[in-house]
Every structure is written in C-alpha cells, then in structure tokens.
Protein chains: 2
Amino acid sequence: MHISTKCSIAIHCLIFIYEYGDKRKVTSDLLALSTGSNPVTIRNILSALKKDGIISVKFGTGGAALSCPLDEITLYRICRAIEPDFGTKLIGVHPLPSPLCPIGKNIHSVLDCSYQKIRNDLYKSLRNITLKNIVFDYHNV
Amino acid sequence: MHISTKCSIAIHCLIFIYEYGDKRKVTSDLLALSTGSNPVTIRNILSALKKDGIISVKFGTGGAALSCPLDEITLYRICRAIEPDFGTKLIGVHPLPSPLCPIGKNIHSVLDCSYQKIRNDLYKSLRNITLKNIVFDYHNV
DNA sequence: GCTGTTGTTACTTTTCACGTTACACTTGAA
DNA sequence: TTCAAGTGTAACGTGAAAAGTAACAACAGC
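The notes below deal with the structure included here. In this text the structure is predicted, and so the values were computed from the model without any measurement.

### Topic: the relation of the copies chain B and chain A
When chain B is fitted onto chain A, the two copies agree to an RMSD of 0.1 Å after a turn of 180° and an axial shift of 0.0 Å. As the rotation angle and translation indicate, the two copies are arranged about a two-fold axis. Mapped onto chain A, 100% of the interface residues of chain B again fall at the interface, so both copies present the same surface.

### Structural notes on the protein's contact with DNA strand C
The immediate surroundings of DNA strand C are formed by 25 residues, with Val40(A), Thr41(A), Gly60(A), Ser28(B) and Gly62(B) found nearest. Examining the composition of the surface near DNA strand C, we find that 6 residues originate from one element, helix 3 (residues 39–51) of chain B, more than from any other.

### Digging into the packing of helix 1 (residues 5–20) of chain B against helix 7 (residues 131–139) of chain B
Pairs of packed helices are described in terms of their axes, by the angle between the two and the distance that separates them. All names here are of chain B. Where helix 1 contacts helix 7, the two axes come as close as 11 Å, and the packing angle between them is 75°. The orientation of helix 1 with respect to helix 7, classified from their angle, is roughly perpendicular. Counted together, Ile11, Leu14, Ile15 and Tyr18 of helix 1 and Leu131, Ile134, Val135 and Tyr138 of helix 7 form the full contact between these two elements. Classifying every residue of the contact of helix 1 with helix 7 gives 8 nonpolar, no polar and no charged.

### Overview of the protein's contact with DNA strand D
Among the 25 residues in the neighbourhood of DNA strand D, the closest are listed as Thr27(A), Ser28(A), Gly62(A), Val40(B) and Gly60(B). Of the residues in the surface near DNA strand D, the class split is 7 nonpolar, 14 polar and 4 charged.

### Thoughts on the interface of chain B and chain A
Facing the 48 residues of chain B at the interface are 48 residues of chain A. Those elements giving two or more residues to the side of chain B that touches chain A turn out to be helix 1, helix 2 (28–35), helix 6 (102–127) and helix 7 of chain B. At 15 residues, helix 6 of chain B tops the list of elements feeding residues into the side of chain B that touches chain A.

### Examining helix 4 (residues 75–82) of chain B
Inspection of helix 4 of chain B places Leu75(B), Ile78(B), Cys79(B), Ala81(B) and Ile82(B) among the buried residues, and these make up the whole buried set. In an axial view of helix 4 of chain B, the angular spread of the buried residues amounts to 165°, which keeps them on one side of the axis. Structurally, helix 4 of chain B contributes buried residues whose contacts are with helix 6 (102–127) of chain A together with helix 1, helix 3, helix 5 (86–90) and helix 6 of chain B.

### Thoughts on the nonpolar core
Counting residues in each nonpolar core, the largest one holds 80 residues, and the members touching the most others are Ala10(A), Cys13(A), Leu14(A), Ala10(B), Cys13(B), Leu14(B) and Ile78(B). Once residues lying within four places of it in the same chain are set aside, the contact partners of Leu14(A) are Ile73(A) and Leu131(A).

### Some remarks on helix 2 of chain B
All names here are of chain B. Burial in helix 2 covers these residues: Ser28, Leu30, Leu31, Ser34 and Thr35. When helix 2 is viewed along its axis, its buried side chains cluster within an angular range of 155° and face the same direction. Where helix 2 ends, the next residue or the one after it, Gly36, has phi of about 75°, a positive value.

Rules behind the numbers
- Residues numbered from 1 in each chain as written.
- Chains lettered and ligands numbered in written order.
- Predicted model: local features only at pLDDT ≥ 70, side-chain atom pairs only at ≥ 80, totals over all residues.
- Least-squares fit on C-alpha atoms with pLDDT ≥ 70 in both.
- Contact = placed C-beta atoms within 7 Å.
- Near = placed C-beta within 6 Å.
- Helix = DSSP H or I, 4+ residues; strand = E, 2+ residues; numbered from the N terminus.
- Axes fitted to C-alpha atoms, helices over the stretch in contact; angles between N-to-C directions.
- Parallel < 35°, antiparallel > 145°, perpendicular 65-115°, else oblique.
- Nonpolar A, V, L, I, M, F, W, Y, C, P; charged D, E, K, R; others polar.
- Buried ≥ 20, exposed ≤ 12 C-beta atoms within 10 Å, placed from the backbone.
- Arc of directions from axis to C-beta.
- Core = buried A, V, L, I, M, F, W, Y, C linked by C-beta atoms within 7 Å.

Structure below.
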C-alpha cells in the first residue's frame, strides 16, 4: 500500500525509451537488464503504460516508443496507470473498529475527511512533476 | 511501506482518550476493544506517542491522558512518532539498477530530486491537519 | 501480598509484492 | 512457410514485512 517500486521502474523505462528509443530496439529484456528487474515485470509495467496511451509497444517484433510529449507525462499519470487505486492504498485504515463504540462506529468517515484532503494534496504534487522535469534532472546530475 | 494502519489506530486512540479520558480509566484493553485491534499493538502505539510527548501513560495503575493541546498534535507529528522514517518508506525505489547503464547508474539521484519535492509537499499537507480538526469532524459527522 | 496494568521480548501467522515458469500469439525475415 | 525473437498473460513459488499472540517481569494501589 504505497507508491510502489514499479513506478520508479516505469520512470526508469521511460527515460530509457526517450534516450535510446530511436537508436536501438528497446525490448523488455533490455529494460530488465538496465533496471535490475525481470522481463515479465517490465512487460506488465509497459502494458499498463500502453493502456494509458503513454507509450506504444510493437507486438511480435518488439520495441517500445513514447507516444506523448514529455511534458504531458506527469508522475500522477504514471502512478495511476501502474496502480489505478494507489490513492486509497496510500493510507491504511484499521478494518474492524467496534460498531458498539461511538468512536469506532464513526472513525472511518471521520478519517476520510482528513485523508481525502491529504490525497488531493498528493495528487496535485504528483501532477506538478513531469517527465520533462525528470529528463532535465537526468542531464544535470 | 506506506502510512500504516497504526496511524489510523493512533488517531482513534487519541480521540478516545480526549473524549473519555476524564470519565474513565482508558486502558490498552479498552482501546483494543474499540479499535478491533489487540492490547500489545495498542501498547506499542501508546508507547510511541508517549515518547513524543503527545500523551502520558500511568505505569502500574494504568490509564492514558493527553499531555498536549489538541491543535499542537498534527498528523505529521503522529506519523513521525509512530514510524520515524515513514517518509523514505513512502515511495519505493528499485534497488538494483545496472551500474553499467548510464541511466541505471544515475537513476537513484535523478529520482531523489523529484521524490524529495513530493515528500516535502506531503509533510506540509500532514502538518496542516491537527487533532483539533479531526475532533471537530467527529462531532459533525 | 493480591490484582490489574504497562513495557517488552520472542514466536507465529498472515499478507502481499515480486520473481519464475510456461505457453500461446504475433511479426518479420530467411 | 518455417523459424527466431518478442509480447501478453496466467499460474505458481518465494521471501520479507506487518500484524497477531503468548509470556513474563516491573510497578502502583488496595
């Protein structure tokens, strides 16, 4: 229940595709080597990114390419593509408070008031960072 | 690696202590019943809150009480008390990118640039919500 | 001294992310 | 048309982290 390592791998892949996509065929095996992950994990991630229209992957012959300008790919979009309900999973709630207790009975809706604010703030924060910013950082580190 | 259910339990306990602390002795058994958790979990949570000076717990005879005004207890403070390094655990990073790849070699520092911004935004967001707000919500749900 | 409670350790159970294997399907080239 | 190289996806195994549980010493008040 968090922003998973898969998002970091996704960003890694996207930078890789942006930097090398036109020079060589970028396959899941190659990305698995670069990220220290394995090809199936990569394929699942690329598949999710594809469904969101961020990249296109050639079936059969292989190879991935960006299908979006860098500044339209926000962290929020990546996270949501990889894990559609990452927001609700972000903050854990104890599942079985006592319904007999006045506090236990209402705690979930009470917590939701505040947690919703935090989620919205986080979304805004994630939307503020685009792949363009990250590629810029990459060239300046 | 997320904002754990323990934080939600902690908030539940704090509301309970605020509402009933002066009417009856609030023990870990009682809080375990109300939260649907178990006494040891509660004791660990209360212990962490105590170390941060948020509450005081009577050893031997039992019973917990707030030792802070409501509006000085922020969500940030609660989260940090419960899990000191919740920030770094929030966002997962793939641990073994290839050092032979120009991207793999630098991905960690590149990601840190953006992730640090996100963490800071989240901290600010958590500091904006106090137990006073939450108790207010509790009385208005 | 007895009872109820906390503080803490160690052990067990459960859950979940991740890796692994396997295989059908697709494409392009020999 | 056959083959090699890839993708897409499902099923299963595994290992680590979270949570529950049991046990017990230390303490306060009756």
